[in-house]
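Chain by chain, the residues:
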Amino acid sequence: MHQPGAAVALLKGASAAAADVFRAILTRGPISRIDVARLLGLSQAAVTKAVGPLLEVGLVSDELEVPRDGQPGRPANPLMVVADALLSIGIKVNADEIVGVVTDLRTTVLAANRRALKSTTPQATIDAIAATVDDLIDALGDRADRLCTVGVSVSGDVDAHSGVVRESAIMGWTAVPLGTLLSARLERDVLIENDVRALTIGEHWFGVGVGTDLFAIVTIGRGIGSGLHVNGEVVEGAYGVAGEIGHLPLTSPDRICPCGRRGCVEAVAGTPAIVAEVSRAHGRDLSIGEIVELAHEGDPAAVQTFEHAATTIGTAIATLVNLTGPELVIIGGEAVSNFDLFERHLRASFASHAFGAAGRCQIVTRPHTFEDWARGASAAAIRQLAENRF
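This one's a predicted model, so the numbers in the text were calculated from it and none came from an experiment.

**Q** Help me understand the overall build of the chain in this model?
**A** A tally of helices and strands in the chain yields 13 helices and 15 strands. Rg of the C-alpha trace for the chain: 22 Å, near the compact-globule value of 21 Å for 390 residues, within the 12% margin. With respect to the principal axes defined by its C-alpha atoms, the chain has extents near 75 × 50 × 35 Å. Across the 390 residues in the chain, those meeting the buried criterion constitute 50%. Once local pairs closer than 6 in sequence are excluded, the contacts in the chain between residues at least 24 apart make up 61%.

If you want it as structure tokens, here you go:
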């Protein structure tokens, strides 16, 4: 039987060991008590003590019987999370729209909503987020009481601990206390997170990170972002800006980035930079769709601009791999649909700058829709609750 209020209270009051046990069941289940104990280095008695309250409030179940493949003895009763015991909302803030999803505890999307954003002022954005949350709650019907948290992801320098968006060039924000403002507006727990880091958290708990100790996500689109997963944890850094390869100074200082600095990767490789460069070469305003078409037709200005962007991104990825040593780099973002325009020069640049065995790092593409980004925001909020960080 679902007890949403008791379940949230239990997670918020959990000890470190109990939180670890729940996280193991959530991300690795179905899993036996013995395997939980081995994974966490706890005694079976400690695991049993932690599991009891989780079973009682309906967060975890052990009713799935799995035979032991002909082995003698009693069948195993693995532990697994009751995915719909609690629900979470994830919001991705874009410069022109708000994308929202409701997910269960394993980030399966149960409902989705998109809303145009006519102004990027903090107040207009908060209004649009609140309206999106209201629409999603209405879609839940009698399950609305299971909603436990809201995660919001924004591009830029985000302090997840304080909920302050310190700088977002895409939104035109500086020092916006979005977490405090939204929590007061929604009257709920709200987590504010960098969008690429939220996407990485989603992969860390429910994607490639479950079986990969070291990986990175690099996103190509309006901005160039990166998230790091090292030794089983998503790297946040002391100031919450670890892995910002879009702002490595790897190009000419005469190229000004949307962040206001000079020579950033994003200043030549972000979609606005590509659009500006090719439009300038043709003497008229062009859309990214038109530019992609020109590049496919062999237009010199478009082809050269994409080659320059790809070479710069490849060098940035090599720098990231040389420093952190991931076994896998996932390239995502809206520009992945045009990855054929980047791929050859990106891989060549990476190969020429990767040091020694770092060159063995796999680079793969994985398209992410904006609903996937919103799902990442939900995953980040679920992690916040599950690890008792609120």
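After presenting the structure, the write-up continues.
**Q** How do you make sense of the pattern of salt bridges when you look at a structure like this?
**A** Oppositely charged side chains are able to pair whenever their charged atoms sit close together. This structure, assessed with the given rule, holds 18 salt bridges. In this structure, Glu167 and Arg261 form a salt bridge, with 3.3 Å as the shortest nitrogen-oxygen distance. Of this pair, Glu167 sits in strand β8 (residues 164–168) while Arg261 sits in the loop between β13 (233–234) and α8 (266–269), and the two are 94 residues apart along the sequence. Arg261 sits in the partly exposed class, given a relative accessible area of 44%. Glu277 serves as the salt-bridge partner of Arg255, at 3.5 Å between the closest nitrogen and oxygen. Of this pair, Arg255 sits in the loop between β13 and α8 while Glu277 is found in helix α9 (residues 271–282), placing the two residues 22 residues apart along the sequence. Looking at Arg255, the relative accessible area reads 19%, which means it is buried. Judged by relative accessible area, Glu277 falls into the partly exposed class, the value being 26%.

**Q** What am I meant to see in the packing of aromatic side chains here?
**A** Under the counting rule described, the total for this entry stands at 2 aromatic pairs. Plain terms: the ring middles of Phe306 and Phe342 are 5.3 Å apart, the flat faces sit at 90° to each other, and that makes the pair edge-to-face. Separated by 36 residues along the polypeptide, Phe306 in helix α11 (residues 300–324) and Phe342 in the loop between β14 (328–332) and α12 (343–353) bring together distant segments of the chain. Residue Phe306 is classed as buried on the basis of its relative accessible area, which comes to 3%. The exposure class of Phe342 is buried, given its relative accessible area of 2%. The cationic tip of Lys92 hangs over the ring face of Trp373; the distance from NZ or CZ to the ring centre is 5.3 Å.

**Q** I keep staring at the sheet that holds strand β15 (residues 362–365) and nothing clicks. Help me out?
**A** Strand pairing within a sheet occurs via backbone hydrogen bonds; the two strands may be parallel or antiparallel. Across the sheet, which stays open at both edges, the 5 strands sit in the order β13-β12-β11-β14-β15 with mixed pairing between neighbours. Each of the sheet's edge strands pairs with one partner strand only, and the pair in question is β13 and β15. Relative to strand β12 (residues 224–230), strand β11 (residues 215–220) runs antiparallel, the two sharing 6 bridges. Paired with Val218 across the two strands is Ser226, which belongs to β12.

**Q** Looking at this structure, how should I read the sheet that holds strand β7 (residues 157–159)?
**A** Strand order in this open sheet of 3 strands is β7-β8-β9, and the pairing throughout is antiparallel. The open sheet has two edge strands with one neighbour each: β7 and β9 (173–176). Looking at each pair of strands side by side, their axes are set apart by 10° on average, direction ignored. The pairing of β8 with β9 spans 3 bridges and is antiparallel.

**Q** In this structure, what is going on with the side chain of Arg197? I would like to understand it.
**A** Here Arg197 shows up in helix α7 (residues 195–206). Residue classification places Arg197 among the buried positions, given a relative accessible area of 6%.

**Q** Quick question: what am I supposed to make of the environment of Lys49 here?
**A** Within the secondary structure layout, Lys49 lies in helix α4 (residues 44–56). For the pair formed by Lys49 and Glu244, sequence separation is 195 residues and the distance between their alpha carbons is 41 Å.

**Q** Would you explain the layout of surface pockets in this entry?
**A** Empty pockets left among the atoms are what a rolling probe the size of a water molecule brings to light. Looking at the largest pocket, its volume works out to about 780 Å³. Looking at the largest pocket, it is lined by 37 residues, and the ones nearest its centre are Ser155, Gly156, Ile170, Gly223 and Glu266. Of all the secondary structure elements, the ones that give two or more residues to the lining of the largest pocket are β3 (87–93), β8, α7, β11, β12, α9 and α13 (370–386). Its residues placed into classes, the lining of the largest pocket shows 15 nonpolar, 12 polar and 10 charged. Residues from two domains meet in the lining of the largest pocket; each of domain 2 (87–201 + 371–387) and domain 3 (210–365) gives at least three.

**Q** Hey, could you run me through the pairing of β11 in this one?
**A** Regular strands have side chains that alternate between both faces of the sheet. Among the 6 residues of β11, 6 are classified as buried, and the element is accordingly described as predominantly covered. A loop of 3 residues connects β11 with β12, the two strands running antiparallel in sequence. Pairing of β11 with β14 involves 5 bridges; the strand directions are parallel. Residue pairing in the sheet places Ile217 in a bridge with Ile330 of β14.

**Q** Just checking my understanding: could you explain the packing of α11 against α12 for this structure?
**A** Helix-helix packing is described using two parameters, namely the angle between the two axes and the distance between the axes. Relative to each other, α11 and α12 sit at 35°, their axes nearing to 7 Å. The handedness of the crossing between α11 and α12 comes out as right-handed. Contact residues: Glu307, Ala310, Thr311, Ile313, Gly314, Thr315, Ile317, Ala318, Val321 and Asn322 in α11; Arg344, His345, Leu346, Ser349, Phe350 and His353 in α12. Counted by class, the contact of α11 with α12 contains 7 nonpolar, 7 polar and 2 charged residues.

**Q** Hey, could you run me through empty space enclosed by the protein in this one?
**A** Counted according to the given criterion, the structure contains 1 cavity of 30 Å³ or more. Considered as a void within the structure, the largest cavity measures approximately 40 Å³ in volume. Taken together, Asn194, Arg197, Ser226, Gly227, Leu228, Val235, Gly240, Val241, Ala242 and Glu244 make up the lining of the largest cavity. Considered class by class, the residues forming the lining of the largest cavity number 4 nonpolar, 4 polar and 2 charged.

Reading the values: the criteria
- Residues numbered from 1 in each chain as written.
- Predicted model: local features only at pLDDT ≥ 70, side-chain atom pairs only at ≥ 80, totals over all residues.
- Heavy atoms only, no water.
- Helix = DSSP H or I, 4+ residues; strand = E, 2+ residues; numbered from the N terminus.
- Rg over C-alpha atoms; globule rule 2.2 N^0.38 Å.
- Buried < 20%, exposed > 50% of the residue type's maximum accessible area, 1.4 Å probe, protein only.
- Contact = heavy atoms within 4.5 Å.
- Salt bridge = Lys/Arg side-chain N within 4 Å of Asp/Glu carboxyl O.
- Phe/Tyr/Trp six-rings, centres within 6.5 Å; stacked < 30°, edge-to-face > 60°.
- Lys NZ or Arg CZ within 6 Å of the ring centre and 35° of its normal.
- Pairing = 2+ DSSP bridges.
- Axes fitted to C-alpha atoms, helices over the stretch in contact; angles between N-to-C directions.
- 1 Å grid on protein atoms, 1.4 Å probe; cavity = no way out; pocket = protein on both sides within 12 Å on 5 of 7 lines; lining within 4 Å.
- Points joined across faces, edges and corners; volume = space filled by probe spheres on them.
- Nonpolar A, V, L, I, M, F, W, Y, C, P; charged D, E, K, R; others polar.
- Domains from an automatic or database assignment.
- Left-handed = near helix turned anticlockwise from the far one by under 90°.

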